[in-house]
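# Observations on the model geometry
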Amino acid sequence: MATITTFPLLRHLRSSGTTHVHHLAAGVVAHSALGASFWFRPLIAAISEVPVDDREQEVLVRVRTTDLQEVAVPGTVTYRFARPEVSATRIDFSIDLATGAWLERPLERVGATIHGATASAVKSALATLDLVGTLTADPAELGRTVTEHLSTDDRLLSVGIEVVGVRFSMLRPDSDVERALQTPAREAIQQEADKATYERRARAVEREAAIGENELANQIELARRQQQLIAQKGANAQRSAEDAAAADAIAAAAEAARTTALSAAQADAERILGQAAADTERARLAAYDGASHDLLLALALRELAGNLPAVEQLVVTPDMVTGLLSRLGSATGRAG
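The protein chain carries the name Band 7 domain-containing protein in an unreviewed UniProt entry, which gives Tessaracoccus antarcticus as its organism.

Here it is, written out as structure tokens:
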């Protein structure tokens, strides 16, 4: 919007760089430029301000397909006033000379014109398509087709409007038709989901079965190893018993051999001792051979005395002394 400064008898206008100002003074073009700034007399001036920047217009076109279905085609038209001096003469862009605001609503008229031209172009592009073909049409391709159509539209060219581009979003039928069209896809998706669920459950059952088989195989292997362990322990115990029995047999044989050898040695020693004792006794008897009776008696008494217990008291009677003396005397006389 232009900025207008009021002075006595004169006013000053200053516009922005995105607006084209068209100034008529007493019916004659005084200024027509982009971003103009000038003095003017309000009593004889008529000023229009045309924007030259890119603008967007929302459109919603409803088309009927060949199978008598209605489809909503929402879009956005980007346009600009390529010939603002022409637009100022065909559309009322007049501004208030005191405030600089538009006196009318020119962009609403421009929007209606663009909407009508766009609807005509869209219907022309989709005229030969049925419902499915319309809904599956490429929005980008449709936008290019409509843009080409609008770029040659006489209604827009006559007011100096240039269409930069057209964008379309998703084309949609009536809500009931849309739900009906979505049903097969939803059913297919649900079937795929059910199939995936069943397959997941089947895989889970298979995994559980595999886990059970693995556990059973582990138990069987564990039992087999336990059996091997028991058998090995039995074999080890048998081997230990056999080794112990063999060691005991060897020890018994060695003890028997030692006992036999000891017995034989003892027998030999006893025989040798007996022989030595016999030889000693024989030698002693040989020494006594030819000895007198009294000597033998004395030796016998001495031997007897050596084997008698200890005598603490000895009672000698006169009779014993007399007899002993008599015997000694007799022996002495025989010896002399």
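## A closer look at the overall build of the protein chain
Scanning the protein chain from terminus to terminus reveals eight helices and 10 strands. Evaluated residue by residue, the protein chain yields a buried proportion of 21% over its 336 residues. Once local pairs closer than 6 in sequence are excluded, the contacts in the protein chain between residues at least 24 apart make up 63%. Roughly 22,800 Å² of accessible area belongs to the protein chain as shown, and the carbon and sulfur atoms make up 58% of that amount.

## Some words on the sheet that holds strand E4 (residues 28–34)
Overall, antiparallel pairing links the three strands, which are arranged E4-E3-E6 in an open sheet. On the outer flanks of this sheet lie E4 and strand E6 (45–51), each paired with one strand and no other. The sheet shows a mean angle of 15° between the axes of neighbouring strands, direction not considered. Relative to E4, strand E3 (residues 19–25) runs antiparallel, the two being bridged by six bridges. Within the sheet, the bridge partner assigned to Leu 24 lies in E4 and is Val 29.

## A short note on the packing of aromatic side chains
To describe a pair of aromatic rings, one takes the distance between the centres and the angle between the planes. Within the structure shown, the criterion is met by five aromatic pairs. For the pair Tyr 79 and Phe 81, a centre-to-centre distance of 5.9 Å together with 85° between the ring planes defines the contact as edge-to-face. For the pair shown, Tyr 79 and Phe 81 are each scored as buried. Taken together, the ring pairs connect Tyr 79, Phe 81, Phe 93 and Trp 102 into an aromatic cluster.

## Quick word on the UniProt feature "coiled-coil region" (unreviewed entry) in the protein chain
Mapped onto the present numbering, the UniProt feature "coiled-coil region" (unreviewed entry) falls at residues 188–215. As a span, residues 188–215 carries 100% helix and 0% strand, and end to end its C-alpha atoms are 40 Å apart.

## Examining unusual backbone geometry
The backbone of Ala 26 sits at a positive phi, close to 60°, despite the residue not being glycine. For Ala 26, the location among the structural elements is in the loop between E3 and E4. For Ala 26, a relative accessible area of 61% puts it in the exposed group. Even without glycine at this site, Leu 68 takes up a positive phi of about 65°.

## Quick notes on the pattern of salt bridges
A pair can form between side chains of opposite charge whenever their charged atoms are brought close. Tallied over the full model, the rule gives 15 salt bridges. Glu 162 serves as the salt-bridge partner of Arg 80, at 3.5 Å between the closest nitrogen and oxygen. Placement of Arg 80 in strand E8 (residues 70–81) and of Glu 162 in strand E9 (residues 161–168) is noted, with a sequence separation of 82 residues between them. Assessed through its relative accessible area of 27%, Arg 80 is described here as partly exposed. You can call Glu 162 partly exposed: its relative accessible area is 34%. The network of salt bridges with common partners includes Asp 54, Arg 80 and Glu 162.

## Examining a nonpolar patch on the surface
Together, Phe 7, Leu 9, Leu 10 and Trp 39 line one region of the surface with nonpolar side chains, adding up to about 450 Å² of accessible area. Turning to its location among the elements, Trp 39 is positioned in strand E5 (residues 37–40).

## Structural notes on the nonpolar core
With 31 residues, the main nonpolar core has Val 73, Phe 81, Val 110, Val 122, Val 146, Leu 150 and Ile 161 as its most contacted residues. Sorting elements by how many residues they give to this core places helix H2 (residues 106–125) first, with six residues. What Val 110 contacts, discounting residues up to four positions off in sequence, is Tyr 79, Phe 81, Ile 91, Phe 93 and Ile 161. The next biggest cluster of nonpolar side chains, apart from the first, holds 11 residues, and it includes Val 21, Ala 36, Phe 40 and Ile 47.

What counts, and at which threshold
All residue numbers here refer to positions counted from 1 along the written sequence of the relevant chain. Only residues with pLDDT of 70 or above have their local features reported here, since the model is predicted, and side-chain atom pairs are shown and tallied only from 80 upward, although totals for entire chains, interfaces and linings are computed over all residues. Only hydrogens and water are set aside; all other atoms, that is, all heavy atoms of the structure, feed into the side-chain values. Helix and strand definitions follow DSSP, with helices as H or I runs of at least four residues and strands as E runs of at least two, each counted in order from the N terminus. Exposure is judged per residue with a 1.4 Å probe applied to protein chains only, and the accessible area is read against the type maximum: over 50% gives exposed, under 20% gives buried, and values in between give partly exposed. Should any heavy atoms of two residues lie within 4.5 Å, those residues are counted as being in contact. Only the protein chains shown count as cover for residues, with accessible areas throughout obtained via the Shrake-Rupley method and a probe of 1.4 Å. Pairing between strands is defined by DSSP: at least two bridges between the two strands are required. To define axes, lines are fitted to C-alpha atoms, for helices over the stretch in contact only, and angles between the resulting N-to-C directions are given on a 0 to 180 degree scale. Stacked, tilted and edge-to-face pairs are distinguished by plane angle, under 30 degrees for stacked and over 60 for edge-to-face with tilted covering the rest, among Phe, Tyr and Trp rings (Trp via its six-membered ring) whose centres lie within 6.5 Å. UniProt positions are given in the numbering used here, feature names are shortened, and annotations may be inferred rather than shown by experiment. Within this document, salt bridges are pairs made up of a side-chain nitrogen of Lys or Arg and a carboxyl oxygen of Asp or Glu, the two lying within 4 Å of each other. Candidates for patches are residues over 30% relative accessible area with no salt bridge; among them, like charges are joined within 9 Å and nonpolar side chains (Val, Leu, Ile, Met, Phe, Trp, Tyr) within 5 Å. The term nonpolar core refers to a set of buried residues drawn from Ala, Val, Leu, Ile, Met, Phe, Trp, Tyr and Cys, joined through side-chain atoms within 4.5 Å.

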